[in-house]
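Residue-level listing of the chains:
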Amino acid sequence: MEALRSESPWHAGELAIQSSVGMAAKMDAIGRKVIREFMPDQHRQFFEQLPFAVFGAVDAQGDVWATLRAGEEGFLYSPDPQRLLAALPRVADDPADAGMGHGAAIGMLGIELHTRRRNRLNGTLLRKEGGEAEILVDESFGNCPQYIHVRDYRYERSVDEPSGLPPVSTQKLDSMARRLIESAGTFFVASYSDEGPRRVDVSHRGGMPGFVRVDDDGALTIPDYSGNRFFSTLGNILLNGKAGLVFPDFASGGLLQMSGDAEVVLDGPELARFEGAERLWRFRPRRIVWREDALPLRWANRA
């Protein structure tokens, strides 16, 4: 039997939202049980079969970014429950790379879109030679398959072959970015807390295509549906008001990455405009990067 954590894994932001729904006491017990300081064997095996993973990182300006990194199956490998090795070369075109240096706090989500499985890992990144890296585990936990759209993947090109296309940086959403967001049923969000040692988290968000609203001023309004009650993302936003989003274009391998300011809306009349939403959050991008053909992978919706 696994030993329970001696201390609660939740910080003040997470506790505030858990308390707002009357779940603080229950989540204290659950958190001590399911948020581990090591990877269970099932997670270790799962990570090793992935062709990509999602990462969250914080740059020197304190801006947080989400990104996807791909490799051949096996580019992630766990030699023991406390460590995950990764083929994770530096990528200058990726704005998240600025926060992925030696000793950086990092968040990782392993997700299989074709099986709807996902597991999370937060820890410290150590750089090795030749693009190799090691992640020392601080937190490890699983997530349910809720809101994940089933997609099958294929390799469009070698993982070692760069796209050759330069990134495009802007401060406002253009028509292409708006179309991608407004048609998306999936994106990923990175956030962090500096309450105690820095903790970076990255998670999946899903809904029916079009579930994210793009407002006239370029802000995004996002419904928060019923989930595991961890409130990792919203708790972090409550503490520091920052988030980083990435919207993949699954058909082309492109990535729309944004870093900016966020706020949580726990109640109010606007909730009624989003069917099934229990609360909302808003995101205002300050820095936007479009990376065409960023990934060697392509995905197709399963019929």
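These figures come from a predicted structure and were not determined experimentally.

Each value, and the rule that gives it
Residues numbered from 1 in each chain as written. Predicted model: local features only at pLDDT ≥ 70, side-chain atom pairs only at ≥ 80, totals over all residues. Heavy atoms only, no water. Buried < 20%, exposed > 50% of the residue type's maximum accessible area, 1.4 Å probe, protein only. Helix = DSSP H or I, 4+ residues; strand = E, 2+ residues; numbered from the N terminus. Pairing = 2+ DSSP bridges. Axes fitted to C-alpha atoms, helices over the stretch in contact; angles between N-to-C directions.

Novice: Could you give me a rundown of the pairing of strand S10 (residues 186–193), with the residues and numbers involved?
Specialist: The element S10 is extensively covered by neighbouring structure, given that eight of its eight residues are classed as buried. Side chains Thr-186, Phe-188, Ala-190 and Tyr-192 of S10 all project onto a buried face; the interleaved residues Phe-187, Val-189, Ser-191 and Ser-193 project onto the opposite face, where all are buried too. With eight bridges connecting them, S10 and strand S11 (residues 199–206) associate as antiparallel partners. Looking at the pairing, Ser-193 lines up with Arg-199 of S11. The antiparallel pairing of S10 with S11 creates a hairpin that spans five residues between the two strands, and Gly-196 there sits at a positive phi of about 80°. The pairing of S10 with strand S14 (residues 242–249) spans three bridges and is antiparallel.

Novice: Account for the sheet that holds strand S1 (residues 52–58), with residues named and values stated.
Specialist: Sheets are built from strands paired through backbone hydrogen bonds, the pairs being either parallel or antiparallel. An order of S2-S1-S5-S6-S7-S4-S3 is seen for the seven strands of this open sheet, with the pairing classed as antiparallel. Single-partner strands in this sheet number two, and they are strand S2 (64–70) and strand S3 (76–80). Geometrically, the sheet is characterised by an average inter-axis angle of 35° between neighbouring strands, direction not taken into account. Pairing analysis gives seven bridges linking S1 to S2, with the strands arranged antiparallel.

Novice: How would you summarise unusual backbone geometry if you had to cite specific residues and measurements?
Specialist: In this structure, Arg-116 is a non-glycine residue whose phi angle is positive, near 65°. Among the secondary structure elements, Arg-116 is positioned in the loop between strand S5 (105–112) and strand S6 (117–127). At Asp-293, a position not held by glycine, the phi torsion is positive, near 55°. Counting through the fold element by element, Asp-293 comes out in the loop between strand S16 (279–291) and strand S17 (297–301).

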